[in-house]
Amino acid sequence: MAALSDLELEAIRLSLRVAFWSVATSLPAGLLVAWLLARCRFPGRLLLDGLVHLPLVVPPVVIGYILLVLMGRRGPIGAWLYDTFGVTLIFTWRGAALAAAVMAFPLMVRAMRLSLEAVDRRLEAAARTLGATPLDVFLTVTLPLMSPGILVGTVLAFARSLGEFGATITFVSNIPGETRTIPVAIYTLTQTPDGDAAALRLSIVSILLALGALAMSEILARTLHRRIGGPHA
Amino acid sequence: MLEVALRARRGDFVLDAAFEAPARGILALFGRSGSGKTTIATMLAGLLRPETGRIALDGAVLFDSAGRVDLAPERRRIGYVFQEGRLFPHLTARGNLLYGWRRTEKARRRLNPERVFALLGLDGLLGRRPGTLSGGEQQRVAIGRALLSNPSLLILDEPLSSLDPARRAEILPFIERLRDDLALPIVYVSHDMGELLRLADRAVLMAEGRVAAVGTVEDILGRLDLAALTGMHEVAVVLEARVVGQDEAFHLTRLSFAGGELRVPRLELPAGTSVRVRVNARDVSIALTAPSAVSILNIVSGTVVEIAPADGAQVHVRLDVGTPLWARITARSVHDLELRPGGPVYAMIKAVAIDARDVVRARPA
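What counts and what doesn't
Residues numbered from 1 in each chain as written. Chains lettered and ligands numbered in written order. Predicted model: local features only at pLDDT ≥ 70, side-chain atom pairs only at ≥ 80, totals over all residues. Heavy atoms only, no water. Helix = DSSP H or I, 4+ residues; strand = E, 2+ residues; numbered from the N terminus. Buried < 20%, exposed > 50% of the residue type's maximum accessible area, 1.4 Å probe, protein only. Contact = heavy atoms within 4.5 Å. Pairing = 2+ DSSP bridges. Axes fitted to C-alpha atoms, helices over the stretch in contact; angles between N-to-C directions. Salt bridge = Lys/Arg side-chain N within 4 Å of Asp/Glu carboxyl O.

Asks: Which parts of the structure should I look at to understand the overall build of chain A?
Replies: Of the regular secondary structure elements, chain A holds eleven helices and zero strands. Ordered by position from N to C terminus, the α and β elements of chain A give α-α-α-α-α-α-α-α-α-α-α. Dimensions of chain A, computed from C-alpha atoms along their principal axes, come out at roughly 70 × 45 × 30 Å. Taking all 233 residues of chain A together, the buried fraction comes to 44%. Of the contacts made within chain A by residues no fewer than 6 positions apart, 72% connect residues no fewer than 24 positions apart.

Asks: Quick question: what am I supposed to make of the sheet that holds strand β12 (residues 236-247) of chain B here?
Replies: Within a beta sheet, neighbouring strands are joined by backbone hydrogen bonds and run either parallel or antiparallel to one another. All names here are of chain B. Spatially, β14-β13-β12-β15-β21 is the arrangement adopted by the five strands of the open sheet, whose pairing is antiparallel. Here the strands that pair on one side only, and so sit at the sheet edges, are β14 (260-265) and β21 (359-361). With direction set aside, neighbouring strand axes in the sheet form an average angle of 40°.

Asks: Just checking my understanding: could you explain the sheet that holds strand β17 (residues 298-307) of chain B for this structure?
Replies: Residue and element names in this part refer to chain B. Taken together, five strands build an open sheet; the order of strands is β16-β20-β17-β18-β19 and the sheet is antiparallel. Here the strands that pair on one side only, and so sit at the sheet edges, are β16 (284-287) and β19 (324-330). Shown here is a sheet whose adjacent strand axes are inclined to one another by a mean of 50°, direction ignored.

Asks: What am I meant to see in the pattern of salt bridges here?
Replies: Note that side chains of opposite charge can pair when their charged atoms are close. Using the criterion set out here, one finds 30 salt bridges over all chains in the structure. Linking Asp283 of chain B and Arg282 of chain B is a salt bridge whose minimum nitrogen-to-oxygen distance equals 3.6 Å. Three or more residues joined by partner-sharing salt bridges are found here, namely Asp120 and Arg122 of chain A together with Glu84 and Arg86 of chain B.

Here it is as structure tokens:
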């Protein structure tokens, strides 16, 4: 099998960049939502829970279309973003990152929420009696204890972002070098005569990237578990 | 002074407790499980909010529902040692120990880590993770961690209950050292009579969410009406005594107390040691004349103070032999001896009944 072509390399680099920014920007929001769902009781909590999980059950193309309506140049949010910050999402790699982030969000929140629910709140109470403010407790007790969940959520979201297709192609289309990520590139190649070899190469790269991410998360999660749980954990 | 008045309701359980006690030495919150003692401790620390009430420590108001004061736990300066240790699993023993210390203003740091490590024998454990420590070691680290936050009051919430007897014996001396070496008031939550006797100066006796009695340990254990609440089937008194010497030939130890001298099975304690001795009412009998030719070694003279109402065949008689003493005798004997308050009697205390478990070292004078 021949080496990767420049176009293929470009798709890989773009995919990594999109997935990285997708995860990096949704991480704080994911933590916040996981916190709200795990720890807070408020009206509309079930609605929030449902909204967050929507991308898991709705066809990706629908999510892409919703993004198009909301975030397009004339959409309510898209227009505001453009007028205020001069930022365009539609047909840009940033839009691709947003689409990937929305699609990966339920996975991220779920992992974080589970790990947050598993944190022993009695340890947090103990920290309070030792003079730590609630924020201090969150940073020095809660966050370290839920770190394996954060890691797992991040990796899952990263892998999901690498594979995002439906919402991406609907929202930001298929522009080489801008929004043509690995899955979009593979789709394009399968529609092209003589594209089979390249599609196969990118598919293998795609699998390797996913496996690599999972392996790395496994190793890191073990290290973290050892560090926070001792040998009995 | 620790002033506490708390009301709260959780399901069927109603807490309605008020007491005041000097904020020094060890104050036991004593009672059966479910009596509300841990709830009070949790409220003192600010981890649970009472519906109404007031908590003040040495004049500083920590909680007052009328004045809308409710200090956050981190601002109350109350150290808390939990039943289950609650060490942070992601930190080493050292990280745990210094967690509160690092959050204490420099000016308030009266205890330094080296002193606490030495006091609790922690030097060999510092680099280890909580998961690798034994239960007893974990509890020592938990105590050290609370101490190093330099609290104004330390709460020990049944710190021995999760440990087996051998580990308890390992921790008890450390708690005694806290009491004796540091001028730190301690609230000790317990349902164990042995711990109460050994450690506490004063006690708040809790029953079903209410305060049944507040006072010195001697007073509370000596009160007949509280016997059922203290979980003791035996009414007993606690005598403050001092080791006078050993009777080597007969394996006895001589103790002196306010009523005279007491000989008990040999204790491995040097002369001059202060001890507290529990004497059960059933091991005390009464004679009207100085008995001779009896097997009982300990005979002291005194007067009858009170004759409690008969409970079936048995009657508890309170004596004053220079210090209070309960005797449990039959109603028949009371009748035959014509006992009445004020009458002079001799109390006979059975020496073999007092074993090492009834004698604990008291705090050094």
